[in-house]
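Per-entry structural report
The residues making up each chain are set out below.
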Amino acid sequence: MNKHEIGSFVRRQYYCSICDIFHEIKLDKEVLKKHSRFPFSHIFLHGQLKNILTTLYLDKNLEVRGVDVHILTDEDLFSKDQAAIIINTLMMEIENLRLENEKLVKEIYQLKEKYEKWKAF
Ligand SMILES: [Zn+2]
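Every chain's residues receive numbers from 1 upward, in the order its sequence appears when written. Local features are withheld for residues below a pLDDT of 70 in this predicted model, meaning they are given only at 70 or higher, and side-chain atom pairs are given and counted only at 80 or more; totals for whole chains, interfaces and linings count all residues.

1. Quick look at the overall build of the chain
Strands here mean DSSP runs of E at least two residues long; helices mean DSSP runs of H or I at least four residues long; both are numbered from the N terminus. Check the secondary structure of the chain and you find one helix and six strands. Seen in sequence order, the chain has helices and strands lined up from the N terminus as β-β-β-β-β-β-α. Once the C-alpha set of the chain is aligned to its principal axes, its extents read approximately 70 × 45 × 30 Å. Neighbour counting defines burial: a residue surrounded by 20 or more other C-beta atoms within 10 Å of its own C-beta is buried, one with 12 or fewer is exposed, and intermediate counts give partly exposed, using backbone-placed C-beta atoms. For the chain, with 121 residues in total, the buried portion stands at 4%.

2. Let's talk about the domain arrangement of the chain
The domain limits used here are those given by an automatic or database domain assignment. Each domain of the chain was delimited in the assignment, giving domain 1 (1–76) and domain 2 (77–121). Opposite the six residues of domain 1 that make contact, domain 2 presents nine residues. Take the side of domain 1 that touches domain 2: its biggest share by element is three residues, from strand β4 (residues 40–46). Looking at side-chain class alone, the side of domain 1 that touches domain 2 contains four nonpolar, no polar and two charged residues. We call two residues in contact when their backbone-placed C-beta atoms lie within 7 Å. Under this grouping Gly is polar, as are all residues other than the nonpolar Ala, Val, Leu, Ile, Met, Phe, Trp, Tyr, Cys and Pro and the charged Asp, Glu, Lys and Arg.

3. A word on unusual backbone geometry
Note the cis peptide between Phe38 and Pro39, where omega equals -5°. If you trace the backbone, Pro39 turns up in the loop between β3 (21–28) and β4. Phi angles above zero are rare outside glycine, and Asp20 is one such case at about 60°. Located in the positive-phi region is Lys50, a residue other than glycine, with phi close to 50°. Note that Lys50 resides in the loop between β4 and β5 (52–58).

4. Regarding helix α1 (residues 80–120)
By definition here, a helix of n residues has an expected span of 1.5 Å times n minus one. An ideal rise of 1.5 Å per residue puts 60 Å on 41 residues; α1 measures up with 60 Å between its terminal C-alpha atoms. Counting buried residues in α1 gives zero out of 41 residues, a small share hidden from the surface.

5. Points about the sheet that holds strand β6 (residues 64–71)
Strands are treated as partners if at least two bridges between them are detected by DSSP. The strand order β4-β5-β6 describes an open sheet built from three strands, whose pairing is antiparallel. The strands lining the two open edges of the sheet, one partner per strand, are β4 and β6. Direction aside, the axes of adjacent strands within the sheet are offset by 20° on average. Across seven bridges, the pairing between β4 and β5 is antiparallel. Across the sheet, Phe44 pairs through a bridge with Thr54, a residue of β5. For helices, the fitted axis covers only the stretch in contact; all axes are lines through C-alpha atoms, and the angles between them, taken along N-to-C directions, range from 0 to 180 degrees. Along the sheet, α1 makes contact with β4 and β5, crossing β4 at roughly 35°.

So this is what it looks like as structure tokens:
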């Protein structure tokens, strides 16, 4: 085990030509069980708008052998697998935004309450 490994996760870096930086990614070693041929493609979305379709080609040690980044546009056509990944990512993003919204609504409510108390004082 080295510093790039935490439990069943490994940390890897890949260069993204769209952001022009190295991104860090945590990979679960469990994914290896799903593949018998290497390298395999690991697809996900990244970027603030989650609009950069990223394909990493990973070998049996989860080392990044290749990177493919692509900004999504309305004209893109996807495979079933890619569409499933995009939908899944966006669903998770919606859920995160929903939780964040819930938290903010609660905060607003608490601030209002505080203000009302302060006003009455
Ligand atoms: Zn990027």
